[in-house]
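Residue-level structural notes
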Amino acid sequence: MRDAVTNLIKTYDITGRYLDRNAIDSLKSYFDTGTARIAAAGVINANAALIVKKAASQLFEELPELIRAGGNAYTTRRYAACLRDMDYYLRYASYAIVAGDTNVLDERVLQGLRETYNSLGVPIAPTVRGVQIMKDLVKDLLATSGVADTSCVDAPFDHMTREISERDI
Ligand SMILES: CCC1=C(C)/C(=C/C2=NC(=C\c3[nH]c(/C=C4\NC(=O)[C@H](C)[C@H]4CC)c(C)c3CCC(=O)O)/C(CCC(=O)O)=C2C)NC1=O
């Protein structure tokens, strides 16, 4: 598992280089956004259950067939599995926001996920939609808490939606 700093150092160490202008610029951006990223983690921690619940009800409102007979989130067990998955995405997004790096998502969340989803018939597009709704909710909450620039939230959620939607398996 890597964060923005360890990732950068690893890259430079491989080629035996000192931290050049580009490295300094990306370190500067990492530390400049530190307060916003920590605030995002705080907002997610304080509202996690609410975010998952709201995102799920919005998702099922948009795509009611998911929870009808024959839908993948139909039955209490599968409904609960769906909400649990959304909770995973949210929790790991908060780690990646703080780390300033999406590596934790690749290692802990996305590896083998599409294969699992395909074998269980978990539909990809609605899952992606669920992740997007959570991203919007987190950004709204963060803005409401007084953080003007909420762009630090984007990369982890966008990375998950991109990776989950990739087709070739
Ligand atoms: C921390 C990393 C991690 C992830 C990401 C993870 C996902 C994950 N989701 C699963 C199932 C599932 N995932 C869903 C999710 C959904 N169905 C829908 O229609 C919606 C679109 C969506 C919710 C948004 C459902 C319904 C199942 C159960 C499918 C089944 O057993 O038939 C399974 C199969 C095993 C199980 O049921 O627990 C895994 C491994 N597990 C992990 O350890």
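Per an unreviewed UniProt entry, the recorded name for the protein chain is Allophycocyanin subunit beta, and the organism is Chamaesiphon polymorphus CCALA 037. The record in UniProt for the protein chain states the following under Sequence similarities (unreviewed entry): "Belongs to the phycobiliprotein family."

Here we come to the overall build of the protein chain. Along the protein chain, the regular secondary structure elements total 8 helices and 0 strands. Ordered by position in the sequence, the α and β elements of the protein chain form the string α-α-α-α-α-α-α-α. The dimensions of the protein chain, computed from C-alpha atoms along their principal axes, are 60 × 40 × 20 Å. Looking at the protein chain alone, contacts between residues at least 24 apart form 67% of all its contacts between residues at least 6 apart. On the protein chain, roughly 9,700 Å² of surface is accessible, and the fraction owed to carbon and sulfur atoms is 54%.

Another aspect to go through is the UniProt feature "binding site: (2R,3E)-phycocyanobilin" (unreviewed entry) in the protein chain. Per the UniProt record, "binding site: (2R,3E)-phycocyanobilin" (unreviewed entry) is annotated on Asn72, Arg77 and Cys82. Restricting the annotated residues just mentioned to those that line the largest pocket leaves Asn72, Arg77 and Cys82. You can see Asn72 is positioned in the loop between helix H3 (34–62) and helix H4 (76–99). Among the residues examined, Asn72 registers a relative accessible area of 22% and is labelled partly exposed. Setting aside its immediate chain neighbours within four residues, Asn72 contacts Leu66, Arg78, Leu120, Gly121, Val122 and Pro123. The residue Arg77 is located in helix H4 in this model.

What follows is about the packing of aromatic side chains. Within the structure shown, the criterion is met by 3 aromatic pairs. Here Tyr30 and Phe31 contribute two aromatic rings whose centre-to-centre distance is 5.1 Å and whose plane-to-plane angle is 70°, an arrangement assigned as edge-to-face. For Tyr30, a relative accessible area of 16% puts it in the buried group. One residue, Arg17, lies across the ring of Tyr12, its end atom 4.3 Å from the ring centre.

With that settled, the discussion passes to the site of the ligand. Near the ligand you find 24 residues, and of these Asn72, Arg77, Cys82, Arg84 and Asp85 are the closest. Between Arg84 and the ligand, the recorded distance is 2.7 Å, taken from a side-chain N or O atom to an oxygen atom. Contact distances for the ligand include 2.7 Å between a nitrogen atom and a side-chain N or O atom of Asp85. Summarising the interface, the protein chains cover 81% of the accessible area of the ligand, which totals 880 Å² for the free molecule. Using a 2 Å cut-off from the grid points, one finds that the ligand occupies the largest pocket. In terms of residue count, H4 provides more of the shell around the ligand than any other element does, 10 residues in total. Partitioned by chemical class, the residues of the shell around the ligand number 16 nonpolar, 3 polar and 5 charged.

Okay, the UniProt feature "modified residue: N4-methylasparagine" (unreviewed entry) in the protein chain next. UniProt's entry tags Asn72 with the feature "modified residue: N4-methylasparagine" (unreviewed entry), counted in the numbering of this structure. A polar side-chain atom of Asn72 sits 3.3 Å from the main-chain carbonyl oxygen of Leu120.

Basis of the calculations
- Residues numbered from 1 in each chain as written.
- Predicted model: local features only at pLDDT ≥ 70, side-chain atom pairs only at ≥ 80, totals over all residues.
- Heavy atoms only, no water.
- UniProt positions renumbered as here; feature names shortened; annotations may be inferred.
- Helix = DSSP H or I, 4+ residues; strand = E, 2+ residues; numbered from the N terminus.
- Contact = heavy atoms within 4.5 Å.
- Areas by Shrake-Rupley, 256 points an atom, 1.4 Å probe, with all protein chains shown as cover.
- 1 Å grid on protein atoms, 1.4 Å probe; cavity = no way out; pocket = protein on both sides within 12 Å on 5 of 7 lines; lining within 4 Å.
- Buried < 20%, exposed > 50% of the residue type's maximum accessible area, 1.4 Å probe, protein only.
- Phe/Tyr/Trp six-rings, centres within 6.5 Å; stacked < 30°, edge-to-face > 60°.
- Lys NZ or Arg CZ within 6 Å of the ring centre and 35° of its normal.
- Near = heavy atom within 4 Å.
- Polar contact = N/O pair within 3.5 Å; in protein donor to acceptor, adjacent residues only side chain to side chain.
- Sits in = over half its atoms within 2 Å of the grid points.
- Nonpolar A, V, L, I, M, F, W, Y, C, P; charged D, E, K, R; others polar.

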